[in-house]
Amino acid sequence: EIDLPEENPERAMVSSAATAPGKVILFGEHAVVYGRNAVAAALSDLRVRVTSFLTDTGVVEIDLPDLVDESRGETVFFSMSVKEFRQRFRIFEADDVLRSEQSMKGRVPSTEQLERLSSALPDCSSGVRKAIKAMAFLAAATVAPVLTARRGLRVVVKRDGLPVGAGLGSSAALSVAAVASLLRLRATVETSEDPAIQAEPLPSDGPSVGRPSAEWQARINAWAFASEVVMTGTPSGIDNTVSCYGALVKYQKPADGSTKIRLLEGLPVFEFLLTNTMVPRETSVLVAGLRKLRDSSASFTHAVDSIFDAIEAITEEFMSLVTHPKEAQHLLGALSRLVTMNHALLNALGVGHRELDVVATTAEAFGLATKLTGAGGGGCAFTVLGPAGSTGDCQEPRIPGESPLEAELQSRGYQCFRSQVAGPGVLWVSNDDSASESSHRTESHARVVPPVVAKSIGRAFVLAAGLIALSTVRGAMARYN
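The rules we used
- Residues numbered from 1 in each chain as written.
- Predicted model: local features only at pLDDT ≥ 70, side-chain atom pairs only at ≥ 80, totals over all residues.
- Heavy atoms only, no water.
- Phe/Tyr/Trp six-rings, centres within 6.5 Å; stacked < 30°, edge-to-face > 60°.
- Helix = DSSP H or I, 4+ residues; strand = E, 2+ residues; numbered from the N terminus.
- Buried < 20%, exposed > 50% of the residue type's maximum accessible area, 1.4 Å probe, protein only.
- Polar contact = N/O pair within 3.5 Å; in protein donor to acceptor, adjacent residues only side chain to side chain.
- Axes fitted to C-alpha atoms, helices over the stretch in contact; angles between N-to-C directions.
- Left-handed = near helix turned anticlockwise from the far one by under 90°.
- Contact = heavy atoms within 4.5 Å.
- Nonpolar A, V, L, I, M, F, W, Y, C, P; charged D, E, K, R; others polar.
- Pairing = 2+ DSSP bridges.

## Comments concerning the packing of aromatic side chains
Evaluation of the coordinates by the stated rule reveals eight aromatic pairs. An angle of 25° between the planes, with centres 4.9 Å apart, marks the rings of Tyr34 and Phe308 as stacked. Highlighted residues: Tyr34 in the loop between strand 1 (15-27) and strand 2 (38-55) and Phe308 in helix 8 (residues 298-321), separated in sequence by 274 residues. Judged by relative accessible area, which is 0%, Phe308 ranks as buried.

## Describing the side chain of Thr55
Along the polypeptide, Thr55 turns up in strand 2. With a relative accessible area of 13%, Thr55 lands in the buried category. Within polar-contact distance, the side chain of Thr55 engages the side chain of Thr57 at 2.9 Å.

## A few points about unusual backbone geometry
Residues other than glycine seldom take positive phi values, yet His30 does so here, at roughly 70°. Mapped onto the elements, His30 comes out in the loop between strand 1 and strand 2. With a relative accessible area of 6%, His30 lands in the buried category. Residues other than glycine seldom take positive phi values, yet Ala422 does so here, at roughly 70°. Note on placement: Ala422 falls in the loop between strand 13 (415-421) and strand 14 (427-429). Judged by its relative accessible area of 9%, Ala422 falls in the buried class.

## Digging into the packing of helix 5 (residues 214-232) against helix 6 (residues 238-245)
Following both chains from N to C, one finds helix 5 and helix 6 inclined at 145°, their axes separated by 9 Å at the closest point. Helix 5 and helix 6 meet at a crossing whose hand is right-handed. Across from Gln217, Ala218, Ile220, Asn221, Ala224, Phe225 and Glu228 in helix 5, the residues of helix 6 making contact are Asn240, Thr241, Cys244 and Tyr245. A per-class count over the contact of helix 5 with helix 6 returns six nonpolar, four polar and one charged.

## Details of the pairing of strand 5 (residues 152-160)
Across eight bridges, strand 2 lies against strand 5 in antiparallel orientation. When the sheet's bridge partners are listed, Leu54 is paired in strand 5 with Leu153. In the sheet, strand 3 (residues 59-69) pairs with strand 5 via four bridges, with the strands oriented parallel. Across the sheet, Val60 pairs through a bridge with Leu153, a residue of strand 5.

Shown next, in the form of structure tokens:
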């Protein structure tokens, strides 16, 4: 039993809101599984918004109106009295929740705690259960210690443009936005001062926004990684890091099992078109199938690794682009060539799909480069539209209406989403829940960059390796299948 103090319901209630972006893998998917580098960027205009309120109901409520429980045909809503909630989840309450935490793994719950968390939740479909489990964990860890018999909590999660289940990092965006909102709420209650007051302001044509300080970002990222563990089991850490910090993130997992994540600045803000083919895919199945092919013989291992090396060369070439200043328009040509090459190499690995190729050929007719992103086998592709606005100004208004390319793709049954990439990560936003943050523009801190200057690997190596690998693996796959 837990005795809760009474709280005067007349006390002014506190609220806080935050948004966090999805992510797109630019280069390196699949190759990253075998120790090569991958680069991901924030989808700055495709976000999840979380608003948290203290209430006078004595109830903990978690409302996800954009998520449907397929087993019941209803939107997701969780409700439990504060007393019962704290009895069930007290093991997760953290008195030091506002302590700075540099290590992402420092807040991860134990296996025993995860089992206890699962047993304390009501029955619901698998996807819904994961989201509720993560939100309950975060609410218990961050805000539950300041709840009372009459002071409750309401958390509302809404999509702010980011599609769910499309491989664009929606679960990590949910985790980051939820943590940022709940920690802000806890800090406001304990210190009587909203930490967003000290946030770095950003230009915006939407509600007032601010970027949390580096100290707050580290704290948010640590708890968001813990939430990802609760939700997905074994996250790499790249999705929550991109969503938290924004811009670009370089990720590598060497053979020793360590994780290397490096934040990058240097890419001007670009406009991308994300196309969801609506073809379902299972990441684990695609990864396992490629591993089976690679491990089937020494020849296949050599062929597949040759493609991985070519993808790595493309990733490294891209990295050189963001470290040598030049004009963004020159970067567009180099970036487009690398995107087209990487897409062809992923097709050679057998992780493409005819619908993804339809997107690529349709965009090619408009002179635009396209690449699948993520696991492949369906899911999403991105098309490089160009630098944001004519000058890269983050406040340039979006072109109204859909483009001819979007109209063509949508006529084929695909979903299209436009977003600027490599802009801000998590933001504390106005507590006015009726406001929409989808229109805020991103800010580029990058130097404007550059046509590629050939490195020692050079384009010749990438082209040669790619052509050799394409020929070798296509023949190998034909025999293997």
